[in-house]
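One-letter residues, chain by chain:
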Amino acid sequence: APVTKLPEKIQASGEAKYTGDLSNPNRCLFACPVTSTKARATISSIDITAAAALPGVVRVVTAKDVKDLGGSNNAGPFPGDEQIFAESEVLCYGQYVALVVAVSFDIAERAARLVTVNYGAATKPAVIGIDDAIKQGSFHKGNKYMQQGYPLVKRGDVDSAWAKCASVVTGDVRTHGQ
C-alpha cells in the first residue's frame, strides 16, 4: 500500500500555510544584500551615504560595522574560512559587500542599489570552473582546523571491488556544487 506524506492533503487543498502566506509582525524590518559585481577585485571604497539617507532605511551594515560593534566577520564551517561581508577584496561575483536594513523590502532593495562599491584591480583571474581552479592552483589546502588537509576516508579494498565488477565506466563527472 502506498505511504502518504503527512501534510499531503493540506498542501494539495491549498490549506497549508507557508512563510509567504503569513503577515509580517509589527515593527518587522527587512533586509536586502549589496552584492559584488566583480568576480575577483580589491575593494577601494564602499559609499553608503545615499542609501543611509533614504527615508525608511534603518542601517547599512558592512564588514567595518561588524568589527566596530565587536563582532566577528567570519562565517562558514571553519572560522576564518569565509567572511560575512567582503572586507578588502571580493572573491566571487555576488559576494555580500553590505546589507541594507529598512522598514520595507522595497525601501531596502532601492537603498541597496544606491550603495556604491568602487573596485580596484583584479587580484587574480576569475576561477570559472574546475579547469581554471586546477590551472591556477586555487583549491583549499586546509586551515588551522584541518592542519593535515582533508581527512582520508577509507573503507574496504577498492582494487578488489573494481576487479569483481561486471563492467566499469570511466570518464569525468562534473557537478555545480561546491
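The sections below set out a description of the structure shown in this document. If you're wondering where the values come from, they're calculated on a predicted model, not measured in any experiment.

1. Observations concerning the overall build of the chain
And then number 1: Of the regular secondary structure elements, the chain holds six helices and eight strands.
And then number 2: Here the chain holds 178 residues, and the buried ones make up 20% of them.
And then number 3: Restricting to contacts in the chain with at least 6 residues of sequence separation, those with at least 24 account for 70%.
And then number 4: Of the accessible surface of the chain, which amounts to about 13,700 Å², a share of 56% is contributed by carbon and sulfur atoms.

2. Considerations on the environment of Y93
And then number 1: For Y93, the position within the fold is in the loop between β6 (89–90) and β7 (96–102).
And then number 2: Y93 sits in the exposed class, given a relative accessible area of 62%.
And then number 3: Separated by 57 residues in the primary sequence, Y93 and S36 place their C-alpha atoms 5.3 Å from one another.
And then number 4: Those residues in contact with Y93, other than ones at most four positions away along the chain, are S36, T37, K38 and A39.

3. Let's talk about the pattern of salt bridges
And then number 1: The tally for this structure, following the rule as stated, stands at three salt bridges.
And then number 2: Of the charged contacts in the structure, one is a salt bridge between K64 and D68, with a shortest N-O distance of 2.6 Å. Pair noted here: K64 and D68 are both in helix α3 (residues 63–68), with a separation of four residues, about one helical turn. As far as the burial class goes, K64 and D68 line up, both exposed.
And then number 3: With a closest N to O distance of 2.9 Å, E87 and K67 form a salt bridge. With E87 in the loop between β5 (82–83) and β6 and K67 in helix α3, this residue pair connects regions lying 20 residues apart in the sequence.
And then number 4: Residue K67 is classed as partly exposed on the basis of its relative accessible area, which comes to 47%.

4. Points about the environment of V97
And then number 1: Here V97 lies in strand β7.
And then number 2: Sequence-wise, V97 and V34 are 63 residues apart; in three dimensions their C-alpha atoms are separated by 5.6 Å.
And then number 3: If we skip the residues at most four places from it in the chain, V97 touches V34, T35, S36, I46, V61, T62, F85, A86, V90, V117 and Y119.

5. What about a nonpolar patch on the surface?
And then number 1: Together, L29, V58 and V103 make up a nonpolar patch on the protein surface, roughly 250 Å² of accessible area in all.
And then number 2: Looking at the secondary structure, you find L29 in the loop between α1 (8–13) and β1 (30–35).

6. Some remarks on the pairing of β7
And then number 1: Taking burial as the measure, the seven residues of β7 include five buried ones, the bulk of the element.
And then number 2: For β1 and β7, the ladder comprises six bridges, and the chain directions are antiparallel. Looking at the pairing, V34 lines up with A98 of β7.
And then number 3: Bridging between strand β3 (residues 57–62) and β7 involves five bridges; their strand directions are antiparallel. Across the sheet, the residue bridging to R59 is V101, located in β7.

7. What about the sheet that holds strand β8 (residues 116–119)?
And then number 1: Taken together, three strands build an open sheet; the order of strands is β6-β2-β8 and the sheet is antiparallel. Edge positions in the sheet fall to β6 and β8, since each of these pairs with one other strand and no more.
And then number 2: Strand direction decides the pairing type here: strand β2 (residues 41–47) and β6, joined by two bridges, are antiparallel. Paired with A41 across the two strands is V90, which belongs to β6.

8. As for the nonpolar core
For soluble globular proteins, nonpolar side chains are generally found buried alongside one another.
And then number 1: Counting 21 residues, the largest nonpolar core has V34, V57, V60, V90, V100, V115 and V117 as its most contacted members.
And then number 2: Counting only elements with at least two residues in this core, the list comes to β1, β2, β3, β7, α4 (105–112) and β8.
And then number 3: In contact with V117, not counting residues within four places along its chain, are V34, I43, S45, I46 and V97.

Thresholds applied
Residues numbered from 1 in each chain as written. Predicted model: local features only at pLDDT ≥ 70, side-chain atom pairs only at ≥ 80, totals over all residues. Heavy atoms only, no water. Helix = DSSP H or I, 4+ residues; strand = E, 2+ residues; numbered from the N terminus. Buried < 20%, exposed > 50% of the residue type's maximum accessible area, 1.4 Å probe, protein only. Contact = heavy atoms within 4.5 Å. Areas by Shrake-Rupley, 256 points an atom, 1.4 Å probe, with all protein chains shown as cover. Salt bridge = Lys/Arg side-chain N within 4 Å of Asp/Glu carboxyl O. Patch = residues over 30% accessible without salt bridge, like charges linked within 9 Å, V, L, I, M, F, W, Y side chains within 5 Å. Pairing = 2+ DSSP bridges. Core = buried A, V, L, I, M, F, W, Y, C linked by side-chain atoms within 4.5 Å.

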